[in-house]
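# Survey of secondary and tertiary structure
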Amino acid sequence: MGTAVLTLSSKNYGAWSLRGWLMARLAGLDFEEHTVSPDDPAMKAEMLLLSSSIRVPALDHDGVHVWDTLAIGEYLHELAPQAGLLPADRAARAHCRAVCGEMHSGFSALRSSLPMNIKARYPGFKPWSRAQADIDRIVEIWTDCLATYGGPYLFGARPGMADAMFAPVVTRFVTYDVTLPPACVAYCVTVMALPDMRAWVAAAQAEPDEIDELDAEF
């Protein structure tokens, strides 16, 4: 695969950027990172949740420009099917796409009341009722997938597209001290222990505090 350019926003606040970046890493893509300025309109759009289909993240590879996170995942799967971003089994693959699609388009209450902020910690945080309903649905998805495919990742032994889609949720659950059943706690630990996630978190921790936290993902 040729060298690519992946355009990203903040690593501390950029949930969609994390999804695209992690997919590219799991696919084994050789890419350069281009980070947009905190004042860039595309970054503001991601932070303010104005759209999930914006210019950040965006992938440029071999003359192809892809900017929607799910489209990036599908493109990477076609590029490197051996990476296993999507399951080999047809039924599991359909299930994975449905789960990813639900994450892509849903959970607005969770996004707005528990914005991604890797640096922060809020012990004892109490989500409001609509956000709790989103949390309950995510727990249902994770529990079903882990039981059906045997873990430790959502669709089996290897991390894939679904894990990348839910990785920002994992960071939120850590930040806001969300109470989870044991299987989901173990899943969060597994995701956070991925070398790529450790690298992302380290970069987020080193990021300058120049972005207005109150603007992030509200």
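The following paragraphs examine the structure supplied in this document. (Residues numbered from 1 in each chain as written. Predicted model: local features only at pLDDT ≥ 70, side-chain atom pairs only at ≥ 80, totals over all residues. Heavy atoms only, no water.)

## Describing the pattern of salt bridges
What the rule picks out here adds up to five salt bridges. For Lys11, the salt bridge goes to Glu33, with nearest N and O atoms at 3.0 Å. Here Lys11 is found in the loop between β1 (4-8) and α1 (15-26), whereas its partner Glu33 is found in strand β2 (residues 31-35), with 22 residues between them in sequence. Between Arg25 and Asp196 there is a salt bridge whose closest N-O contact spans 2.9 Å. Remark: Asp196 occurs in helix α9 (residues 195-206) and Arg25 occurs in helix α1; sequence separation between them is 171 residues. Taking relative accessible area as the criterion, Asp196 reaches 16% and is therefore assigned buried. Through salt bridges with shared partners, a single ionic network connects Glu102, Arg137 and Glu140. (Salt bridge = Lys/Arg side-chain N within 4 Å of Asp/Glu carboxyl O. Helix = DSSP H or I, 4+ residues; strand = E, 2+ residues; numbered from the N terminus. Buried < 20%, exposed > 50% of the residue type's maximum accessible area, 1.4 Å probe, protein only.)

## Here we look at the packing of aromatic side chains
All chains considered together, the criterion is met by eight aromatic pairs. For the ring pair Trp142 and Phe166, a centre distance of 6.0 Å and an interplane angle of 80 degrees mean the geometry is edge-to-face. Separated by 24 residues along the polypeptide, Trp142 in helix α6 (residues 129-149) and Phe166 in helix α7 (residues 161-175) bring together distant segments of the chain. Under the relative-accessibility criterion, Trp142 is labelled buried at 0%. Taking the centre distance of 4.7 Å and the plane angle of 35 degrees together, the rings of Tyr149 and Phe155 count as tilted. Overall, Tyr149 belongs to the partly exposed group, its relative accessible area being 26%. Residue class for Phe155 comes out buried when judged on its relative accessible area of 17%. By way of ring pairs, the aromatic residues Trp142, Phe166, Phe173 and Tyr187 are connected into one cluster. Above the plane of the ring of Trp16 lies Arg19, whose end atom (NZ or CZ) is 4.3 Å from the centre. (Phe/Tyr/Trp six-rings, centres within 6.5 Å; stacked < 30°, edge-to-face > 60°. Lys NZ or Arg CZ within 6 Å of the ring centre and 35° of its normal.)

## Side note on the packing of helix α4 (residues 90-105) against α7
Contact geometry for α4 and α7: axes closest at 9 Å, N-to-C directions at 25 degrees. Put simply, α4 runs roughly parallel to α7. Considering how the two elements wind past one another, α4 and α7 form a crossing that is left-handed. Residues Cys96, Val99, Cys100, Met103 and His104 of α4 form the contact with α7, whose participating residues are Met161, Ala162, Met165, Phe166 and Val169. (Axes fitted to C-alpha atoms, helices over the stretch in contact; angles between N-to-C directions. Parallel < 35°, antiparallel > 145°, perpendicular 65-115°, else oblique. Left-handed = near helix turned anticlockwise from the far one by under 90°. Contact = heavy atoms within 4.5 Å.)

## With respect to the environment of Ala162
Relative to the elements of secondary structure, Ala162 occurs in helix α7. Residues Ala162 and Val99, 63 residues apart in the sequence, show an inter-C-alpha distance of 6.9 Å.

## Some remarks on α9
Between its terminal C-alpha atoms α9 stretches 17 Å, which fits the 16 Å expected from twelve residues at 1.5 Å a residue. Within α9 the residues assigned to the buried category are Asp196, Met197, Trp200, Val201 and Ala204. In a view along the axis of α9, the buried residues occupy a sector of 135 degrees, so they form one face of it. The exposed set on the far side of α9, more than 90 degrees from its buried face, consists of Pro195, Arg198 and Ala206. Packing partners of the buried residues in α9 comprise β1, α1, α7 and α8 (182-192). (Expected span 1.5 Å × (residues − 1). Arc of directions from axis to C-beta.)

## What to know about the environment of Ser112
Checked against the element boundaries, Ser112 lands in helix α5 (residues 108-113). Ser112 sits 19 residues away from Ala131 along the chain, and the two C-alpha atoms are 8.4 Å apart.

## Describing the pairing of strand β3 (residues 58-61)
With three bridges joining them, β1 and β3 adopt antiparallel strand pairing. Residue pairing in the sheet places Thr7 in a bridge with Ala58 of β3. Sheet analysis places β3 next to strand β4 (residues 64-66), joined by three bridges and oriented antiparallel. Residue pairing across strands places His61 opposite Val64, the latter belonging to β4. With antiparallel pairing between neighbouring strands as the criterion, β3 and β4 make up a hairpin whose turn holds two residues, including Asp62 at a positive phi of roughly 50 degrees. (Pairing = 2+ DSSP bridges.)

## Considering the environment of Cys145
Locating Cys145 in the fold gives a position in helix α6. Setting aside anything within four residues of it in sequence, one finds Cys145 in contact with His95, Val99, Gly150, Leu154 and Phe155.

Shape is all these values report; function is a separate question.
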